[in-house]
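Residues per chain, in single letters:
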Amino acid sequence: QVQLVESGGGLVQAGGSLRLSCAGSGRTFSSYAMGWFRQAPGKEREFVAAIRWSGGSTYYADSVKGRFTISRDNAKNTVYLQMNSLKPEDTAVYYCAAAYRIVLITVKEEYNYWGQGTQVTVSS
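A brief report on the enclosed structure follows. (Residues numbered from 1 in each chain as written. Predicted model: local features only at pLDDT ≥ 70, side-chain atom pairs only at ≥ 80, totals over all residues. Heavy atoms only, no water.)

A few words now on the pairing of strand E5 (residues 46–51). Most of E5 sits inside the fold, with five of its six residues counted as buried. Bridge analysis of strand E4 (residues 33–39) against E5 gives five bridges, and the strand direction is antiparallel. Along E5, the bridge assignment pairs Arg38 with Glu46. Pairing geometry for E5 and strand E6 (residues 58–60), over three bridges, is antiparallel. Directly across from Ala49, in E6, lies its bridge partner Tyr60. Between E5 and the antiparallel strand that follows it, E6, lie six residues; Gly55 among them carries a positive phi value of about 85°. (Buried < 20%, exposed > 50% of the residue type's maximum accessible area, 1.4 Å probe, protein only. Helix = DSSP H or I, 4+ residues; strand = E, 2+ residues; numbered from the N terminus. Pairing = 2+ DSSP bridges.)

By themselves these figures say nothing about function.
Okay, structure coming up:
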């Protein structure tokens, strides 16, 4: 069982940066592939970024590639999403998720655990 708590969301102007954190509970946190998803009002929840359990591999949606960076610190049971050059279209609730898998996962249906989400609003 893993519990996830996101933090770091807020209001930022276009071009600004935010760093989201996702703190996980449980001794086996390092065994989980982790991902970030986002959901804007009236839209489906979409994949943003994923990282392998070891942190050695990452994958990004085309819309955020080159601007966002996912990382993890297994000693702190925490995964991060550094978001730079933010755009108004990045406005959404951001969720972190955990999957008990070795490989990184981009499909939301394959994640086992979800956080409650944190709001990110980018003003133009």
